Amino acid sequence: MSTDLELSITGMTCASCAARIERRLNKLDGVTATVNYATEKAKVSFPADLDPKALVEQVEAAGYGAALPAPEERAPAAADDPVRSLRQRLVVSAALSAPVVLLAMVPALQFTHWQWISLTLAAPVLVWGALPFHRAAWTNLRHGAATMDTLVSMGTLAAFAWSLYALLFGTAGEPGMTHPFELTIAPTDGAGSIYLEVAAGVTTFILAGRYFEARSKRRAGAALRALLDLGAKDVAVLRDGREVRIPADELAVGDRFVVRPGEKVATDGVVEQGGSAVDVSMLTGESVPVEVGPGDAVVGATVNAGGRLVVRAVRVGADTRLAQMAKLVEDAQNGKARVQRLADRVSAVFVPVVIALSVGTLAFWLGAGGGVAAAFTAAVAVLIIACPCALGLATPTALLVGTGRGAQLGVLIKGPEVLESTRRVDAVVLDKTGTVTTGRMSLLAVHTAAGTPEHEVLRLAGALENASEHPIAKAVAAGAADRVGDLPPVEGFRNAEGLGVQGVVDGHAVVVGRERLLAEWGVHLDGELARAKRAAEEQGRTAVLVAWDGAARAVLVVADAVKPTSAEAVRRLRGLGLTPVLLTGDNEAAARAVAAEVGIDEVIAEVLPEDKVAVVARLQAEGRVVAVVGDGVNDAAALARADLGLAVGTGADAAIEASDLTLVRGDLLAAVDAIRLSRRTLATIRGNLFWAFAYNVAALPLAAAGLLNPMIAGAAMALSSVFVVTNSLRLRGFRGTTPDARPVTAATRPKAPAPVA
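Residues numbered from 1 in each chain as written. Predicted model: local features only at pLDDT ≥ 70, side-chain atom pairs only at ≥ 80, totals over all residues. Heavy atoms only, no water.

What follows concerns the overall build of the chain. Across its full length, the chain holds 26 helices and 26 strands. Out of the 757 residues belonging to the chain, those deemed buried represent 54%. Counting contacts in the chain only where the partners sit at least 6 residues apart, residues at least 24 apart contribute 70% of the total. Total accessible area computed for the chain in this model is approximately 31700 Å², and 58% of it derives from carbon and sulfur atoms. (Helix = DSSP H or I, 4+ residues; strand = E, 2+ residues; numbered from the N terminus. Buried < 20%, exposed > 50% of the residue type's maximum accessible area, 1.4 Å probe, protein only. Contact = heavy atoms within 4.5 Å. Areas by Shrake-Rupley, 256 points an atom, 1.4 Å probe, with all protein chains shown as cover.)

What follows concerns the nonpolar core. Leu-430, Leu-582, Val-629, Leu-646, Leu-661, Leu-663 and Leu-668 are the most contacted members of the largest nonpolar core, which totals 50 residues. It is helix H25 (residues 669–704) that provides the largest number of residues to this core, a total of ten residues. Among all residues touching Leu-661, those that are not within four sequence positions of it are Val-411, Leu-412, Ile-413, Val-418, Leu-644, Gly-645, Leu-646, Ala-647, Ala-674 and Ser-678. (Core = buried A, V, L, I, M, F, W, Y, C linked by side-chain atoms within 4.5 Å.)

What the six strands build is an open sheet, ordered E6-E5-E7-E13-E8-E11; its pairing is antiparallel. Looking at strand neighbours, the two that pair on one side only are strand E6 (242–247) and strand E11 (297–298), the edges of this open sheet. Bridging between strand E5 (residues 234–239) and strand E7 (residues 256–259) involves two bridges; their strand directions are antiparallel. Counted as the bridge partner of Val-237 is Phe-257 from E7. (Pairing = 2+ DSSP bridges.)

Moving on: the pairing of strand E24 (residues 626–630). Among the five residues of E24, five are classified as buried, and the element is accordingly described as predominantly covered. Of the two faces of E24, the one carrying Val-626, Val-628 and Gly-630 and the one carrying Ala-627 and Val-629 are both buried. Taken together, the four bridges between strand E15 (residues 427–431) and E24 define a ladder with parallel strand orientation. Residue pairing for E24: Ala-427 is matched across the bridge by Val-626. For E24 and strand E25 (residues 644–648), the ladder comprises four bridges, and the chain directions are parallel. Paired with Ala-627 across the strands is Leu-644, a residue of E25.

This paragraph deals with a nonpolar patch on the surface. Together, Leu-102, Met-105, Val-106 and Leu-109 give the surface a local cluster of nonpolar side chains, amounting to about 300 Å² of exposed area. Residue position: Leu-109 is located in the loop between helix H3 (82–105) and helix H4 (114–129). (Patch = residues over 30% accessible without salt bridge, like charges linked within 9 Å, V, L, I, M, F, W, Y side chains within 5 Å. Salt bridge = Lys/Arg side-chain N within 4 Å of Asp/Glu carboxyl O.)

A word on the UniProt feature "transmembrane region" (unreviewed entry) in the chain. When the UniProt feature table is mapped onto this chain numbering, "transmembrane region" (unreviewed entry) sits at residues 90–108, 114–131, 151–172, 192–212, 346–366, 372–395, 688–705 and 711–729. Taken end to end, residues 151–172 is 86% helix and 0% strand, and its two terminal C-alpha atoms sit 26 Å from one another. (UniProt positions renumbered as here; feature names shortened; annotations may be inferred.)

Before going further, it helps to spend a moment on the sheet that holds strand E2 (residues 32–36). Pairing in this open sheet of four strands is antiparallel, and the strands run E2-E3-E1-E4 from one edge to the other. Lying at the two open borders of the sheet, with one neighbouring strand each, are E2 and strand E4 (65–67). Neighbour to neighbour, the strand axes of the sheet diverge by 25° on average, direction disregarded. As judged from the seven bridges shared by strand E1 (residues 2–10) and strand E3 (residues 41–47), these two strands associate in the antiparallel manner. (Axes fitted to C-alpha atoms, helices over the stretch in contact; angles between N-to-C directions.)

Looking now at the side chain of Thr-584. By secondary structure assignment, the location of Thr-584 is in the loop between strand E22 (579–583) and helix H21 (588–598). Once residues lying within four places of it in the same chain are set aside, the contact partners of Thr-584 are Lys-432, Ala-591, Ile-604, Ala-605, Glu-606 and Val-607.

Among the structural elements, Thr-267 can be located in the loop between E7 and strand E8 (268–273). By relative accessible area, which is 4% here, Thr-267 ends up buried. Of note is the side chain of Thr-267, whose polar atom sits 2.3 Å from the backbone oxygen of Arg-315. With residues up to four places along the chain from it excluded, the contact list for Thr-267 reads Leu-251, Phe-257, Val-298, Val-299, Gly-300, Ala-313, Arg-315, Val-316 and Thr-320. (Polar contact = N/O pair within 3.5 Å; in protein donor to acceptor, adjacent residues only side chain to side chain.)

Charged atoms that come close allow side chains of opposite charge to pair. All chains considered together, the criterion is met by 21 salt bridges. Between Arg-245 and Glu-263 there is a salt bridge, with the nearest N and O atoms lying 3.1 Å from each other. Of this pair, Arg-245 sits in strand E6 while Glu-263 sits in the loop between E7 and E8, and the two are 18 residues apart along the sequence. Assessed through its relative accessible area of 39%, Arg-245 is described here as partly exposed. Put simply, Glu-622 and Arg-624 hold a salt bridge, and the shortest N to O gap is 3.7 Å. For Glu-622, a relative accessible area of 47% gives the class partly exposed.

Angle between the axes and distance between the axes: these two values describe a pair of packed helices. Contact geometry for H4 and helix H5 (residues 131–142): axes closest at 5 Å, N-to-C directions at 45°. Overall, the two elements H4 and H5 adopt an arrangement that is oblique. Between H4 and H5, the residues in contact are Leu-126, Val-127, Trp-128 and Gly-129 and Leu-131, Pro-132 and His-134, respectively. By residue class, the composition of the contact of H4 with H5 is five nonpolar, two polar and no charged. (Parallel < 35°, antiparallel > 145°, perpendicular 65-115°, else oblique. Nonpolar A, V, L, I, M, F, W, Y, C, P; charged D, E, K, R; others polar.)

Structure follows, in structure tokens:
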């Protein structure tokens, strides 16, 4: 039996570090580890008999820091803040480097003894500003490893050491020395050349890249933090009939707590007293508040927009829906897509290859008689241009931003492998009940006999059905109340089991139900009502007949109503290149009626729950790559079997657990958003990897040929990392297909006013 935990890793500076820690952990028997450079976390699965401290020791043996998860994570103090520390180093290094670079690049500014001023300014940059690179390189050297910090440290130290040699023992320190700036390398004896601008400039550029990386990682995780911040901080619990305010994390299952208007629901629960409208927009993106009353479930972090509620807690802590959403997002961010695993393998062998290439470049230039300065410059440029930091950031940053944005829009991506599935999917199987339709019986149409007002039919039939507990009766009563308002009282109510109901309303003897019940009263349908009944049944809908005072008055059509957005969602799914298929256990007529309404051509009806998996398997055997969208327990196996499973979050927990993507909104348009966002995130990852690879492949030959100044190489290397991060951050602007899919931000998050006494 294995156990999962998450280690916090410190000391990583590039993707090679992550790859090295991952290899070290995976050497332990029974351990499977994934290390993410962007989140600085290691997700580890290990045997139950292994002490977790052994994992920490293994990471420390590799030269890095690791910490086991603590019950309460302390927010980093200012002194611990890596962004603040990097910003300080960057600002000081930039201020000192700017004059050094200007003096080296503009010969007109090179006054007498300018080179010594440059040395004075560059030394603190190389010693203090580049200290994180030197420290990491030394740690890795002690453990017999090389990372991208090794390249940076070797390159800048070599440039500084060469300059120091030229100033002290060559001709570069002589008064009146000038140093022309050239993009191409001209052969010289090297004694008169200094590269202080390379040492200082490269350090500053790389510090800038690291600073923007650190800041972007913090911004990329903002969606997850916003999700966790949504929860209530304290709650009024009922103890012996009195309200006692306690911290929300002290709530226990079974506790009864009060939610006043404007307050957040502290945890998942069931309403025991009161009625209200609850704003669920921060959780589902739906802007219309949901009416709740006794017996209705409410979700933690939603806002009570109406009356006072007494709620019994049913889930607390890590079991709440909000916590599960956050865990899904974090798990997805800590996973690795196939493209990222390829990048990690490349990074692991890249550094030793580059060092060998740099040594080879130095030897080639010296052997070809190109001059010591030219050989040295080309070798340093190879070291600096090769740092594949952008390669290590390409996937994690896009995943961080993409999954975070998905959480804001009510789309939870379980893992990066899901992204690759969305690109290949060409068929989408839609469950009917609860996915394409509302899953609830509704009054869809009223057909009346000549001379009978619809308003009167709804008043009398609705009043009679209101006294019944049957689902169809409830649908009629609810539809009638919505259209005509208050319903009159009923006298002499009687339920005819399996046939319908009868009673007296406003002095009329009213019968509502099947044709057989009306026949018992000697009432028969005329031609128009008979045709309406037959048409409803041909569409798989339920026809409810209404009669009073000995005459048939109307046919009420009741069915599971199609969700308002389903037809638009099907159209958009087709636009994404997917062929929609309707799959249901309902009868053929009902299924085809729904399919025709939303625009689906292929229908598979009357399928038993256990046969849904076989249908998915058959479609896959036909060569289709299948996505399944469902919400019920009976969809769980099909969701697991599908190439891509999308669970409607308003459905059963089993379906959500079996799926790859969870749609928090109970809206089929969310499936469109999920596939669009997943494909967009994957495209961003591929774009990032292309530019990271292309940059190194194109620049290395130029550097080895001596055509690239080391300082220009350092700037380009830092800018490539910034480009990758910036490209990933564009995913924050992804828009959902519906205006109701609003992002959760500090500005849009509902504010809870002061409690009402």
